[in-house]
Amino acid sequence: MTFSALEAYLERLEQAARSSQSKVWLDEHGRAVGRYFNTSLTSAFQPVRSFGDGEIVAVEAFARSYSEFDSGLHLWKLLDQAASDDESVELDRLCRMLHAVNYYRQGGADSPELHLSVHARLLAAVNSNHGVAYRHILSRLELPHDRIVLQLPVVTPNQRWLLNYVLDNYRRNGFRLGVSANSALEALSLLDKVRPDLIKVDARELPDPDSVGLLLLRAAEQGVRIFFKRVENPDVFERLNQFGAAMGEPILVQGYLWDRPEAKLPAAALGRAA
């Protein structure tokens, strides 16, 4: 599928590549790059896979410092050090725009879901127009928003009201939403109180098999998908393998055991043979 408004925008970015005044431009590989103060940044994508057959069901986008030769360095600390809420929101919008452009310029509307993380600092900064602003950017580029899932960070119990406020803001603007949990027990609590489209659980913190089993069963009943992230070593892999075999429920996984974030979407994610 061709996105004509996006192609026209990319042509303008290509013309801006040599302008030192431009905030967004294309590099020689076609990647959209943005400038935030004195830092150049771009996108990297890490697949989310089905545990059984390895099929790519989604990709998560990460902001990275720009490098011509590799995927760059992690940039969340840049947001931590932003001087104000307004600057945090500005950086977040820049990153999300770059992620959408770099995702859709490589794949069509039938590509796997795009997961975009919302930084914890932004929860308090989100106002009633935040979801509208991102929807407006996508609309101007004629990019479908239904492939995008906004992933909210782990919150403390006394921040739940804020989490619900932000979820409601994005829902009213048509976005699907995910939340993060440090453990299966925390995910069970979110399942009842927040009712997201998906929950990402830290796979390194699964000491209680019973709570994992209960989470998988109740999530399946409610139509909520469970993703296990940070699968980075064979021990975590084996624990998940035992859960899946015992419960008979599909498990979705993400981690360095399979993939590192890369600027290019994997060939398998674009419907081509890997």
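Structure: above.
What you see is a predicted model, and the numbers here were worked out from it, not measured in a lab.

Chemist: What is the right way to look at the pattern of salt bridges in this model?
Modeler: Any two side chains of opposite charge can pair, on the condition that their charged atoms come close. Under the definition given, this model contains 11 salt bridges. The shortest N-O distance in the salt bridge between R218 and D192 comes to 2.5 Å. Here the residue R218 occupies a position in helix α8 (residues 209-222), and D192 occupies one in helix α7 (residues 184-193), the gap between them amounting to 26 residues. Using a relative accessible area of 24% as the deciding quantity, one classes R218 as partly exposed. With relative accessibility at 36%, the residue D192 sits in the partly exposed group. The residue D202 makes a salt bridge to R204 at a minimum N-O spacing of 2.8 Å. For R204, a relative accessible area of 42% translates into the label partly exposed.

Chemist: Looking at this model, I keep getting lost on the pairing of strand β6 (residues 148-151). Mind explaining?
Modeler: Regular strands show a simple pattern: their side chains alternate between the two faces of the sheet. The alternating pattern of β6 places I148 and L150 on one face and V149 and Q151 on the opposite face, and all of these are buried. Relative to β6, strand β5 (residues 113-117) is paired through four bridges, and the arrangement is parallel. The partner of L116 across the bridge, within β6, is L150. By the bridge criterion, three bridges tie β6 to strand β7 (residues 176-181) in an arrangement that is parallel. Note that in β7 the partner of Q151 across the bridge is G178. Read as a crossover between parallel neighbours, the route from β6 over helix α6 (residues 160-171) to β7 is right-handed.

Chemist: What exactly am I supposed to notice about the packing of aromatic side chains here?
Modeler: Aromatic ring pairs are reported here in terms of the distance separating the ring centres and the angle at which the planes meet. A full pass over the atoms with the stated rule returns seven aromatic pairs. Note on F51 and W258: the rings are 6.4 Å apart at their centroids and 80° apart in plane angle, and the pair reads as edge-to-face. In this pair, F51 sits in the loop between β3 (39-50) and β4 (56-65) while W258 sits in the segment after β10 (252-253), placing the two residues 207 residues apart along the sequence. Taking the relative accessible area as the measure of exposure, F51 reaches 15% and is therefore buried. Ring plane angle 20° and centroid distance 5.6 Å describe the contact between Y134 and F175, whose orientation is recorded as stacked. With Y134 in helix α5 (residues 130-140) and F175 in the loop between α6 and β7, this pair connects stretches of sequence that are 41 residues apart. Residue classification places F175 among the buried residues on the basis of a relative accessible area of 4%. Feature note: the residues F3, Y103 and Y104 constitute an aromatic cluster, connected by ring pairs. Across from the ring centre of Y134, 5.4 Å away, lies the NZ or CZ of R96, which sits over that ring. The lysine or arginine in question, R260, covers the ring of Y256, its NZ or CZ lying 4.3 Å from the ring centre.

The rules behind these values
- Residues numbered from 1 in each chain as written.
- Predicted model: local features only at pLDDT ≥ 70, side-chain atom pairs only at ≥ 80, totals over all residues.
- Heavy atoms only, no water.
- Salt bridge = Lys/Arg side-chain N within 4 Å of Asp/Glu carboxyl O.
- Helix = DSSP H or I, 4+ residues; strand = E, 2+ residues; numbered from the N terminus.
- Buried < 20%, exposed > 50% of the residue type's maximum accessible area, 1.4 Å probe, protein only.
- Pairing = 2+ DSSP bridges.
- Right-handed = clockwise from strand over helix to strand, strands pointing away.
- Phe/Tyr/Trp six-rings, centres within 6.5 Å; stacked < 30°, edge-to-face > 60°.
- Lys NZ or Arg CZ within 6 Å of the ring centre and 35° of its normal.

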